[in-house]
Amino acid sequence: MAETSDMTINLLMLGRTQTGKSAAGNTLLGSYDFKSHLSPSSVTTCCSLGRSSRILGIIRRNGCEVALRVQILDTPSYPHSSLSKEQVQDEVRRAVAQQFREGLHLALLVLRADLPLCPDDNDQTTQFIQELLGPTWKDFTVVVLTHGDKAEEAGFSDDTYLHSASSTVLSLLSSVQLKYIFLDNQKSIIKEERATILRKLLDFIRKNDYQRLLLKHTKG
Ligand SMILES: Nc1nc2c(ncn2[C@@H]2O[C@H](COP(=O)(O)OP(=O)(O)OP(=O)(O)O)[C@@H](O)[C@H]2O)c(=O)[nH]1
Ligand SMILES: [Mg+2]
């Protein structure tokens, strides 16, 4: 049961196929709620909601411990190997309206840190997000760079990675006011690492004055 003093954050996973959206959702929840595996076709075909248990040790309010609850909506990718753009948009809008009635705090745009981001791919993805979230999409979007382990194997640390990243990535990061995090979904995350990542996300939410974004309703 959620206690009234608990704080719940609503996060929406978005991104291209096989970038690690479902794996990132699992990492953040500390669970295996979402189906995630390597595949020559898109794995996730409909939205599903994952909920964390009450997480302590992250937030204090007026000197008192407040439990954090994380709700994550995993989504089919765009582009998708078998769904059209309209089908993905309708499915995401339907699920957000159903699961996040009070709106979402952040959309997590998942990119692979170990692959170049090409301008056309980026334009297609950001246009999709803009159409979905509306004109304030940049305020509510955080870039999540997965496959940090592979980038590290190739000799890039989180800092040096940005020196070598393409101008497309750099301008995307700058347009979302440098809201980004690195994730290695390959290893099982320890409690302290997850707490650090959740604190960063809470910081982005705080900078947005805890605003929640409501998506425009569509057919359904
Ligand atoms: N090495 C490494 N592999 C990862 C990482 N994140 C995801 N993967 C792998 O990438 C593959 C795809 O992961 P998914 O979580 O299914 O990706 P997705 O974006 O949800 O894919 P679709 O649902 O098909 O669009 C899986 O084999 C994951 O184990 C990461 O940070 N490092
Ligand atoms: Mg998936």
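Everything discussed here concerns the structure shown above.
A few points on the structure. (Residues numbered from 1 in each chain as written. Chains lettered and ligands numbered in written order. Predicted model: local features only at pLDDT ≥ 70, side-chain atom pairs only at ≥ 80, totals over all residues.)

## Brief notes about the overall build of the chain
Reasoning step 1: Helix and strand content of the chain: 8 helices and 7 strands.
Reasoning step 2: By the compact-globule yardstick of 17 Å for 220 residues, the chain fits well, its C-alpha radius of gyration being 17 Å.
Reasoning step 3: Here the C-alpha coordinates of the chain stretch approximately 45 × 45 × 30 Å along the principal axes.
Reasoning step 4: In the chain, buried positions account for 34% of the 220 residues.
Reasoning step 5: Taking the contacts inside the chain whose residues are at least 6 apart along the sequence as the reference set, 77% of them involve residues at least 24 apart. (Helix = DSSP H or I, 4+ residues; strand = E, 2+ residues; numbered from the N terminus. Rg over C-alpha atoms; globule rule 2.2 N^0.38 Å. Buried ≥ 20, exposed ≤ 12 C-beta atoms within 10 Å, placed from the backbone. Contact = placed C-beta atoms within 7 Å.)

## Some words on the environment of Ser171
Reasoning step 1: Position of Ser171 among the secondary structure elements: in helix H7 (residues 167-175).
Reasoning step 2: Of the residues examined, Ser171 has 11 C-beta atoms within 10 Å and is grouped as exposed.
Reasoning step 3: When the C-alpha atoms of Ser171 and Phe156 are compared, they prove to be 19 Å apart, with 15 residues separating the residues in sequence.

## A short note on the environment of Phe100
Reasoning step 1: Note that Phe100 resides in the loop between helix H2 (85-99) and strand E5 (106-112).
Reasoning step 2: Taking the C-alpha atoms as reference points, Phe100 and Asp121, 21 residues apart in sequence, are found 28 Å from one another.
Reasoning step 3: When residues no more than four places from it in sequence are discounted, the contact partners of Phe100 are Asn10 and Leu73.

## So, the pairing of strand E1 (residues 7-15)
Reasoning step 1: Inspection of the sheet shows E1 paired to strand E4 (residues 64-74) by 6 bridges, in the parallel sense. Across the sheet, the residue bridging to Asn10 is Gln71, located in E4.
Reasoning step 2: Here E1 pairs with E5 via 5 bridges, running parallel. Bridged to Leu11 within E5 is Leu106. (Pairing = 2+ DSSP bridges.)

## Looking at the site of ligand 1
Reasoning step 1: Taken together, 24 residues lie around ligand 1, and Gly20, Ser22, Ala23, Ser36 and Thr44 are the ones closest in.
Reasoning step 2: Looking at the shell around ligand 1, the elements that each hand over two or more residues are helix H1 (21-29) and helix H5 (148-153).
Reasoning step 3: Residues that form the shell around ligand 1 fall into these classes: 4 nonpolar, 16 polar and 4 charged. (Near = placed C-beta within 6 Å. Nonpolar A, V, L, I, M, F, W, Y, C, P; charged D, E, K, R; others polar.)

## Notes on helix H3 (residues 119-133)
Reasoning step 1: If you check H3, its first and last C-alpha atoms are 21 Å apart, about what 15 residues at 1.5 Å a residue would give, namely 21 Å.
Reasoning step 2: Turning to H3, its buried residues are Thr125, Phe128, Ile129, Leu132 and Leu133. Taken down its axis, H3 places every buried residue within 115 degrees of arc, on the same side. In H3, those exposed residues whose orientation departs by more than 90 degrees from the buried face are Pro119, Asp120, Asp123 and Gln127.
Reasoning step 3: Trailing H3 by a residue or two, Gly134 shows a phi angle of about 90 degrees, which is positive. (Expected span 1.5 Å × (residues − 1). Arc of directions from axis to C-beta.)

## Focus on unusual backbone geometry
Reasoning step 1: Following Tyr78, the chain continues to Pro79 via a peptide bond in cis, the omega torsion being -5 degrees.
Reasoning step 2: Within the secondary structure layout, Pro79 lies in the loop between E4 and H2.
Reasoning step 3: For Gln18, which is not glycine, the phi torsion reads 65 degrees and is therefore positive.
Reasoning step 4: The residue Gln18 is located in the loop between E1 and H1 in this model.

## Focus: the nonpolar core
Reasoning step 1: By size, the foremost hydrophobic cluster in this structure holds 47 residues, and its most contacted members are Leu106, Ala107 and Leu108.
Reasoning step 2: At 6 residues, the largest contribution of residues to this core is made by E5.
Reasoning step 3: If we skip the residues at most four places from it in the chain, Ala107 touches Leu12, Leu14, Ile129, Leu133, Phe140 and Thr141. (Core = buried A, V, L, I, M, F, W, Y, C linked by C-beta atoms within 7 Å.)

## Here we look at the pairing of strand E3 (residues 55-61)
Reasoning step 1: Along E3, only 0 of the 7 residues are buried, which leaves the element largely exposed.
Reasoning step 2: Note: E3 against E4, 4 bridges, orientation antiparallel. Note on E4: the bridge partner recorded for Ile59 is Val66.

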